[in-house]
Amino acid sequence: MDLKPGTRLKSAVCDTEVIVVRAPTEPVELECGGQTMVAQTDAAPAGLSLDADHSAGTPVGKRYAHVASGLEILATKAGAGSLSVAGEPLPLKDAKPLPSSD
């Protein structure tokens, strides 16, 4: 799947939904709950289930970044599955420190 900024995706096995903030520099396989994510307008494939190893959950409003590819996504709907790229867990993006006010 071609991931561009603004692309909306949903999990095939839970309620998680994300939007691509920054596109990857190389093709990546974005997964949630151990299964490949699908376009928000597409129907989820039947017969898939949540992988227990990828069930840590995705909180709404959090940004995730895959440093190796440059991919950055924002969770727009929470779900039971955790995000990963090719089976590797996707870490939360670190917040930028604000300048001191004094």
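Structure shown above.
Here the residue numbers are simple positions, counted from 1 along each chain's written sequence. For a predicted model such as this one, the threshold for reporting local features is a pLDDT of at least 70, and the threshold for listing and counting side-chain atom pairs is 80 or more; totals across whole chains, interfaces and linings nevertheless cover every residue. Side-chain measures were taken over the full set of non-hydrogen atoms in the model, leaving aside hydrogen atoms and water.

## Thoughts on the side chain of Ser84
Where we set the bar: Helix and strand labels come from DSSP, where a helix needs a run of H or I of at least four residues and a strand needs a run of E of at least two; each type is numbered from the N terminus. Partly exposed residues are those whose accessible area sits between 20% and 50% of the maximum for their type, while under 20% is buried and over 50% is exposed, using a 1.4 Å probe and protein chains only. Residue contacts are counted whenever heavy atoms from the two residues lie within 4.5 Å of one another.
With respect to the secondary-structure elements, Ser84 resides in strand 8 (residues 83–85). For Ser84, a relative accessible area of 0% translates into the label buried. Residues within four places of Ser84 in sequence aside, it is in contact with Glu29, Leu30, Glu31, His54, Pro89 and Leu90.

## Considering the pairing of strand 6 (residues 63–66)
Under the convention used in this document: Being paired, for any two strands, means DSSP has found at least two bridges between them.
Here strand 6 runs beside strand 7 (residues 71–77); their pairing, made up of four bridges, is antiparallel. Paired with Tyr64 across the strands is Ile73, a residue of strand 7. Where strand 6 folds back on strand 7, the antiparallel hairpin that results is connected by four residues, among which Gly70 adopts a positive phi of roughly 85°.

## Looking at the pattern of salt bridges
The condition is simple: What makes a salt bridge here is a side-chain nitrogen of Lys or Arg within 4 Å of a carboxyl oxygen of Asp or Glu, nothing more.
For the structure shown, the criterion picks out four salt bridges. For Glu72, the salt bridge identified is with Arg63, shortest N-O distance 2.8 Å. The closest approach of N and O atoms between Glu72 and Lys93, which form a salt bridge, is 2.9 Å. Residue Glu72 is found in strand 7, and its partner Lys93 is found in the segment after strand 9 (88–89); the two are separated by 21 residues along the sequence. Residue Glu72 is classed as buried on the basis of its relative accessible area of 3%. Here the residues in one salt-bridge network are Arg22, Arg63, Glu72 and Lys93, joined through shared partners.

## Regarding the environment of Asp53
Position of Asp53 relative to the elements: it lies in the loop between strand 5 (38–39) and strand 6. The exposed category is assigned to Asp53, whose relative accessible area is 69%. It is 17 Å that separates the C-alpha atoms of Asp53 and Glu29, two residues lying 24 residues apart in sequence.

## Concerning unusual backbone geometry
In this structure, Ala86 takes a positive phi of about 50° despite not being glycine. As for its placement among the helices and strands, Ala86 is situated in the loop between strand 8 and strand 9. Judged by relative accessible area, which is 61%, Ala86 ranks as exposed.

## Quick look at the pairing of strand 7
Here strand 2 (residues 17–22) pairs with strand 7 via five bridges, running antiparallel. Note on strand 7: the bridge partner recorded for Glu17 is Lys77.

## Details of the nonpolar core
Using the following cut-off: As used here, the term nonpolar core means buried Ala, Val, Leu, Ile, Met, Phe, Trp, Tyr and Cys residues forming a set that is joined through side-chain atoms within 4.5 Å.
Formed by 16 residues in total, the largest nonpolar core has its most connected members in Leu30, Leu71, Ile73 and Leu83. Of all elements in the fold, only strand 2, strand 3 (30–32), strand 7 and strand 8 reach the threshold of two or more residues within this core.

## Things to note about the sheet that holds strand 9
An order of 4-3-8-9 is seen for the four strands of this open sheet, with the pairing classed as antiparallel. The open sheet has two free edges, formed respectively by strand 4 (35–36) and strand 9, since each of these has just one partner strand. Pairing between strand 3 and strand 4: two bridges, direction antiparallel. Residue pairing in the sheet places Glu31 in a bridge with Thr36 of strand 4.

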